[in-house]
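Breakdown of the fold
One-letter residues, chain by chain:
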Amino acid sequence: MMEWLPAADALVDMVAVHVPSPEQAQKWRAPIVYSGDIEDECGQGISNCDAQGPTVVYISKMSSGASQKGLLAFGRVFSGTIRPGDKLRALRNDGKETKAKISGINICGIGGKMHAIELAEAGQLIALEGIDKALDKSGTLTSSSKGKAISHMRFSVTPIVQHSLWPKDKTKLQKMASELQKITSADPSALFYRNKETQEYILAGAGELHIEVLLSSLLQNSGIDVEVSKPAIAYRETVQYASRDVALAKSENKHNRLWIRASPLNDNIVDAMCGELANTRLKELAETLVKDHGWSKNEAGRIWATGPEPLDCNDKSNNSNQPTCLLVDSTYG
């Protein structure tokens, strides 16, 4: 069949005949892909596919390599020459700028194997090592101090389905977060982040099947099994004035009843509970309320608990996640 219908030869010949070379294609592409002035040094370097011009590399995708510790950054050299050890400006898609140092350059060989090279010139497709911390999924690298970014590729698919994740083995939380960062870095339509309000880890994808594929990759790569649920909604509700009515709550066995009335705390107390009073014991909290905030000893001594409990009880550094509500026993006798 291969002798009668040599598809490989036909495809190679078609590419050679019909696909323009980088020198030809970039003259047409430069005004479209370059976000800066086409007459500046980077614009001219891209238009002419000039290996002697300023370095401009567009990274389109991140992916984990078989032997590399970090992620491989796949992209194309639009202008100039790049070598291991080069320090370049990294222009992120969110408008921020960082610094990147190239630790290695690879090209893809036969069978998908990577081969290290000493330099890459304009027109080449490459995979870079050492820049995964400088860019988020994609972006532009340039040696020019005034160079602008290559226009970011936009996708019609967006991550709209979100799920909250938590490892079944709580000791693997950090490993789960690290692995999912790698997986989503290689997928432009996936998103993984930590909700600052609820402290949940959120995985977002284009659909339920997409989420399943991402979680399957996590299980295959790291062996981490996770629990999936709908993300919690942070309701921005508060007490503005003392309630007129008394609310009644019963225990599950109906033997215990609690009558509750809500009233707002002083703003200074709330700020203190998020600051110097964060993570303090109830006794110390009561003493501070009496000393600095005008509470009576009798009232401060009746504090039952603080709340709500943070979702991540191990994160003591995030004071904005601290309880800012007091449960006070107001019964007498």
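Residues numbered from 1 in each chain as written. Predicted model: local features only at pLDDT ≥ 70, side-chain atom pairs only at ≥ 80, totals over all residues. Heavy atoms only, no water.

A few words on the nonpolar core. Among the nonpolar cores identified, the biggest contains 20 residues, and I59, I82, L128, I131 and L141 are the most heavily contacted of them. Of all elements in the fold, only strand 1 (56-64), strand 2 (71-79), strand 4 (87-92) and strand 9 (125-129) reach the threshold of two or more residues within this core. Beyond its immediate sequence surroundings of up to four residues, I131 is in contact with I59, M62, A73, A100, K101, I102 and L141. The next biggest cluster of nonpolar side chains, apart from the first, holds 17 residues, and it includes L173, M176, A177 and Y201. (Core = buried A, V, L, I, M, F, W, Y, C linked by side-chain atoms within 4.5 Å. Buried < 20%, exposed > 50% of the residue type's maximum accessible area, 1.4 Å probe, protein only. Helix = DSSP H or I, 4+ residues; strand = E, 2+ residues; numbered from the N terminus. Contact = heavy atoms within 4.5 Å.)

All right, on to unusual backbone geometry then. Although it is not a glycine, C49 sits at a positive phi angle of roughly 50°. Mapped onto the secondary structure, C49 falls in the loop between helix 3 (41-47) and strand 1. Accessibility expressed as a relative area gives 9% for C49, which makes it buried. Phi is positive for K254, which is not a glycine, with a value near 65°.

As a further point, take the side chain of S47. Within the secondary structure layout, S47 lies in helix 3. A polar contact is formed between the side chain of S47 and the backbone oxygen of G43, at a distance of 2.9 Å. With near-sequence residues (within four places) excluded, S47 lies in contact with E23, Q26, K27, A30 and I38. (Polar contact = N/O pair within 3.5 Å; in protein donor to acceptor, adjacent residues only side chain to side chain.)

What follows concerns the sheet that holds strand 6 (residues 104-108). Read from one edge to the other, the open sheet built from 8 strands follows the order 5-4-10-1-2-9-6-7, with strand pairing classed as antiparallel. Looking along the sheet, the strands with just one partner apiece sit at the ends: strand 5 (97-101) and strand 7 (114-117). Strand-to-strand twist in this sheet, taken as the mean axis angle between neighbours without regard to direction, amounts to 40°. Pairing of strand 4 with strand 10 (residues 139-142) involves 4 bridges; the strand directions are antiparallel. For A90, the partnering residue across the bridge sits in strand 10 and is L141. (Pairing = 2+ DSSP bridges. Axes fitted to C-alpha atoms, helices over the stretch in contact; angles between N-to-C directions.)

Let's shift gears to the pattern of salt bridges. Note on pairing: side chains with opposite charge can pair once their charged atoms come close. Under the criterion given, the structure shown has 3 salt bridges. A salt bridge links K168 to D225, with the shortest nitrogen-to-oxygen separation between them at 3.3 Å. Of the two residues, K168 sits in the loop between strand 11 (161-167) and helix 4 (173-185) while D225 sits in the loop between helix 5 (208-222) and strand 14 (226-229), which places them 57 residues apart along the sequence. Residue classification places D225 among the partly exposed residues on the basis of a relative accessible area of 39%. (Salt bridge = Lys/Arg side-chain N within 4 Å of Asp/Glu carboxyl O.)

With 12 residues, helix 2 (residues 22-33) extends only 14 Å from end C-alpha to end C-alpha; this falls clearly short of the ideal 16 Å at 1.5 Å per step. Those residues of helix 2 that are buried lie in contact with helix 3 and strand 2. (Expected span 1.5 Å × (residues − 1).)

On to the confidence of the model for the protein. Overall, the predicted model of the protein reaches an average pLDDT of 83, with 89% of residues at or above 70. Between the elements of the protein, mean pLDDT differs from a low of 78, seen in strand 18 (residues 325-328), to a high of 94, seen in strand 3 (residues 81-82). Low confidence marks residues 311-320, where pLDDT is under 50. Its contacts with residues over four positions away, or in another chain, come to 17 contacts. (pLDDT = per-residue confidence, 0-100.)

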